[in-house]
Amino acid sequence: MEVADGLERLVQGRRLSPVQRRIAQYLGEHLPEAIFLSSVELAERAGVSQPSVTRFAMALGFAGYPELRQALRPLVVGGDGGADPDQPRREGAAGFLHEMIEHEIRNLAAVRDRLAAGSGVPGVRPDGLPGRIEGLGTALAACEPLPVLGLRGSSGLVTTFSYYARRIHPDVRPLTHGGSELTEGLHAARRAGSEWLLAVVLPRYPAESVHALEYAAKLGFRTAVIADRADVPFPADLVLPAPVGVRAVCDSHAAPLALAMLLLEAMAEAAPLRTRARLEEHERMTDQTGVFLRP
């Protein structure tokens, strides 16, 4: 097997099954990306089952896959995949910041790589993530009003998306507060003719967001969710996955935000005449009212 030196030291002398050797080979060939995958994602990429990934980690002497992944990360972060994990890396604040940025780059690369993934969702083009984004963008562009749900840590992304979406869409309704206000917002949007609910549900998944998705389905909404992974533990008609940065004290949503902007672009392309008219109107308004400083 062609594996990085550090990984080769871990597997050397181990009696691995053919399935486990397949996992080791995938890790060796894709180590810079693989160290940021969940066990489910690694299983999908390597073409094995998730329990096989766990058994592979245990065969190497680890309690589970998270411990193996933690041991593999020093092989990549701060150096090339074949570096000695016992050698010192970038230390202090500079090293930590470097590791954070590397993680974000991997997350964005994961979104890029998923652009070829299949879909098969009824009513949305089944030709991979670009088709899903294009199909959903068309559906959301025609959805009036457009409710956008995001509670707790996801509320910031929803606020940003809604701010820009209002420039090209006539009626965007962000739902960033729970309780009766959320319930009333869903009812009002549905009564006004809305057919889709766009939600951002990122870790840690708020229970109220999940309950809102379930309730929205009962009201007759179709639900589309921007989440950190495809196999989310809650119901949704369509999931657009983008991994979350977990290196800092609080999560970073760089990749989900990039995916949301791709969806916004698809909405703009789905209604080009309306988009152009609304953007021109917005520019006239900002010029007349002096919203922005002039260069």
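Further up the page is the structure itself.
Residues numbered from 1 in each chain as written. Predicted model: local features only at pLDDT ≥ 70, side-chain atom pairs only at ≥ 80, totals over all residues. Heavy atoms only, no water.

1. Quick word on helix α10 (residues 180-191)
Look at α10: 16 Å from first C-alpha to last across 12 residues, which is about the 16 Å you get at 1.5 Å a residue. In this structure, the buried residues of α10 make contact with β1 (146-149), β2 (172-175), β3 (196-200) and α11 (207-219). Downstream of α10 by one or two residues, G193 has phi in the positive range, about 105 degrees. (Helix = DSSP H or I, 4+ residues; strand = E, 2+ residues; numbered from the N terminus. Expected span 1.5 Å × (residues − 1). Contact = heavy atoms within 4.5 Å.)

2. Regarding helix α6 (residues 65-72)
Within α6 the residues assigned to the buried category are Y65, L68 and L72. The arc enclosing the buried residues of α6, seen along the axis, measures out at 60 degrees, which places them on a common side. (Buried < 20%, exposed > 50% of the residue type's maximum accessible area, 1.4 Å probe, protein only. Arc of directions from axis to C-beta.)

3. Remarks on the pairing of β2
Direction of pairing for β1 relative to β2: parallel, over a ladder of four bridges. Residue pairing across strands places P147 opposite R173, the latter belonging to β2. Handedness of the crossover is the feature at issue here: the chain leaves β1, passes through helix α9 (residues 155-165), returns alongside β2, and the resulting connection is right-handed. (Pairing = 2+ DSSP bridges. Right-handed = clockwise from strand over helix to strand, strands pointing away.)

4. Focus: a nonpolar patch on the surface
Together, Y163, Y164, M285, V291 and F292 make up an exposed nonpolar region whose accessible area comes to about 480 Å². Among the secondary structure elements, Y163 is positioned in helix α9. (Patch = residues over 30% accessible without salt bridge, like charges linked within 9 Å, V, L, I, M, F, W, Y side chains within 5 Å. Areas by Shrake-Rupley, 256 points an atom, 1.4 Å probe, with all protein chains shown as cover. Salt bridge = Lys/Arg side-chain N within 4 Å of Asp/Glu carboxyl O.)

5. Digging into the pattern of salt bridges
The full count for this structure, using the stated rule, is five salt bridges. A salt bridge links R173 to D171; the shortest N-O distance between them is 3.1 Å. A salt bridge links D231 to R229, with the nearest nitrogen and oxygen atoms 3.6 Å apart. Among the residues examined, D231 registers a relative accessible area of 32% and is labelled partly exposed.

6. Looking at the side chain of R132
As for its placement among the helices and strands, R132 is situated in helix α8 (residues 128-141). A polar contact of 3.1 Å, which involves the side chain of R132, links it to the backbone oxygen of V239. (Polar contact = N/O pair within 3.5 Å; in protein donor to acceptor, adjacent residues only side chain to side chain.)

7. Quick notes on unusual backbone geometry
Going from E144 to P145, the amide bond is cis rather than trans, its omega being -5 degrees. The topology assignment puts P145 in the loop between α8 and β1. Of note, R152 is a non-glycine position whose phi angle comes to about 55 degrees, a positive value. Inspection of the secondary structure puts R152 in the loop between β1 and α9. Assessed through its relative accessible area of 69%, R152 is described here as exposed.

8. Quick word on the pairing of β1
Burial along β1 is two-sided: the face carrying L146 and V148 and the face carrying P147 and L149 are both buried. The sheet contact formed by β1 and β3 spans two bridges and is parallel. Paired with V148 across the two strands is L198, which belongs to β3.

9. A short note on the sheet that holds strand β4 (residues 222-227)
What links the strands of a sheet is backbone hydrogen bonding, and the strands pair in either a parallel or an antiparallel sense. If you walk across this open sheet you meet the five strands as β2-β1-β3-β4-β5, and the pairing is parallel. Bordering the open sheet on either side are β2 and β5 (238-241), each of which pairs with just one other strand. Going from strand to strand, the sheet's axes swing by 20 degrees on average, the running direction of each strand aside. Where β3 meets β4, five bridges bridge the pair, whose relative direction is parallel. By the bridge assignment for β4, A199 is matched with V225. (Axes fitted to C-alpha atoms, helices over the stretch in contact; angles between N-to-C directions.)

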